[in-house]
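One-letter residues, chain by chain:
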Amino acid sequence: MSGALVERLRAARRILLLTGAGVSAESGLATFRGPDGMWEGRDPMSLATPEAFAEDPETVWRFYAWRREQAARAEPNPAHRAIAALQQERSGTSLVTQNVDGLHERAGSPETVRLHGSLWRLRCTGGCGEDEDLRQDLGTLPARCACGELLRPGVVWFGESLPQAAIAAATAAAESAELVIVAGTSSVVYPAAALPELARRHGAYVVEVNPEATPLTGRVDEALPNPAGTALPALVRAAGVRFEES
Ligand code: OAD
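Engineer: Mind showing me how you'd approach helix α6 (residues 164-176) here?
Structural biologist: Along an α-helix, residues three or four apart share an orientation, since each turn contains 3.6 residues. With 13 residues, α6 ought to run about 18 Å at 1.5 Å a step, and its terminal C-alpha atoms sit 19 Å apart, in line with that. What α6 keeps buried is the set Ala166, Ile167, Ala170, Ala173 and Ala174. Along the long axis of α6, the arc covered by the buried residues comes to 130°, so they all point the same way. Of the exposed residues in α6, those oriented more than 90 degrees away from the buried face are Gln164 and Ala165.

Engineer: Is there a simple way to think about the site of the ligand in this case?
Structural biologist: Near the ligand, the surroundings consist of 22 residues, among which Phe32, Arg33, His116, Thr185 and Ser186 are the closest. A distance of 2.8 Å separates an oxygen atom of the ligand from a polar atom in the backbone of Ala21. Contact between the ligand and Ala228: a nitrogen atom at 2.8 Å from a main-chain N or O atom of the residue. Residues of the shell around the ligand, tallied by class, amount to 10 nonpolar, nine polar and three charged.

Engineer: How do you make sense of the pattern of salt bridges when you look at a structure like this?
Structural biologist: Pairing is possible between side chains of opposite charge, provided their charged atoms come close. Per the counting criterion, the structure on display carries eight salt bridges. For Glu75, the salt bridge goes to Arg106, with nearest N and O atoms at 3.7 Å. A residue pair is termed long-range when its members are at least 10 positions apart, and Glu75 in the loop between α3 (57-73) and α4 (78-89) and Arg106 in helix α5 (residues 103-106) qualify at 31 residues. For Arg106, a relative accessible area of 40% translates into the label partly exposed. Of the charged contacts in the structure, one is a salt bridge between Arg219 and Glu197, with a shortest N-O distance of 2.5 Å. Highlighted residues: Arg219 in the loop between β8 (205-209) and β9 (222-224) and Glu197 in helix α7 (residues 195-201), separated in sequence by 22 residues. Residue classification places Arg219 among the partly exposed residues on the basis of a relative accessible area of 34%. On the accessibility criterion, Glu197 (25% relative accessible area) is partly exposed. Beyond isolated ion pairs, a larger network of salt bridges with shared partners links Arg121, Asp131 and Asp133.

Engineer: Is there a simple way to think about the pairing of strand β4 (residues 117-124) in this case?
Structural biologist: The two faces of the sheet receive side chains in turn, since in a regular strand these alternate between them. Bridge analysis of β4 against strand β6 (residues 151-155) gives four bridges, and the strand direction is antiparallel. Its bridge partner lying in β6, Arg123 is registered against Arg152. Relative to strand β5 (residues 131-133), β4 runs antiparallel, the two sharing three bridges. Directly across from Arg123, in β5, lies its bridge partner Asp131. As consecutive antiparallel partners, β4 and β5 are separated by six residues, and within that stretch Gly129 has a phi angle of approximately 85°, a positive value.

Rules of the game
- Residues numbered from 1 in each chain as written.
- Predicted model: local features only at pLDDT ≥ 70, side-chain atom pairs only at ≥ 80, totals over all residues.
- Heavy atoms only, no water.
- Helix = DSSP H or I, 4+ residues; strand = E, 2+ residues; numbered from the N terminus.
- Expected span 1.5 Å × (residues − 1).
- Buried < 20%, exposed > 50% of the residue type's maximum accessible area, 1.4 Å probe, protein only.
- Arc of directions from axis to C-beta.
- Near = heavy atom within 4 Å.
- Polar contact = N/O pair within 3.5 Å; in protein donor to acceptor, adjacent residues only side chain to side chain.
- Nonpolar A, V, L, I, M, F, W, Y, C, P; charged D, E, K, R; others polar.
- Salt bridge = Lys/Arg side-chain N within 4 Å of Asp/Glu carboxyl O.
- Pairing = 2+ DSSP bridges.

The structure is reproduced here in structure tokens:
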């Protein structure tokens, strides 16, 4: 961690944290890409697209029910908790995540901009407008709405637009951030992957936390090749925020 970064961590009034699946890896949740990734041996086009759901809603629902079970069993790790502590101490901090697992929220993050939705939301595929928190076991899959149409997981699938309010909030945060910390994302899925570049064009100092190189690595001000569960607590402490690991 450079002196310039420590300086910015202490002084920045607007900090943007952009997270991906790698932030939940130390909670035991598989990332998407790479040898142990969730997309290894599975075809995302047959599990995470509107076309796949139209063709075989039961298989798609089972995939998301399995992911919900994994997420429910996982606990937030020091990376999630460090981010929540920073948000609580420094009101100008924004958290934008591509994750749908709910671990940021469970770690105590006061506000989370969810670019890709949530495993814990449901939406009706009909026109009734139902869009709600998942509160109970869904029973027989595929689940149906009270209106009779199929319910779908409240996540964003490949080929779909991101929620308008989320992308607007993320864009505004990127444009006004003085410091951006990008953690645990392969930076290959757009539009999320465009946010660090946007922030940089608006003058932000951009830091990447990832043990592996990504397409973003060569374009950041500083790359920290450490796991998020180690790097984020260190960054948050360097910002002057007291943070207990447990
Ligand atoms: P990926 O699986 O593409 O990338 C995870 C990144 O985390 C990789 O670059 C790893 O090197 C890194 N990583 C692994 N362990 C880490 C650790 N302990 N600390 C820090 N980094 C670590 O996941 P995302 O970039 O989140 O979208 O994927 C983006 C989107 O693609 C997801 O939201 C999902 C997926 O398909 C949809 O489903 C729409």
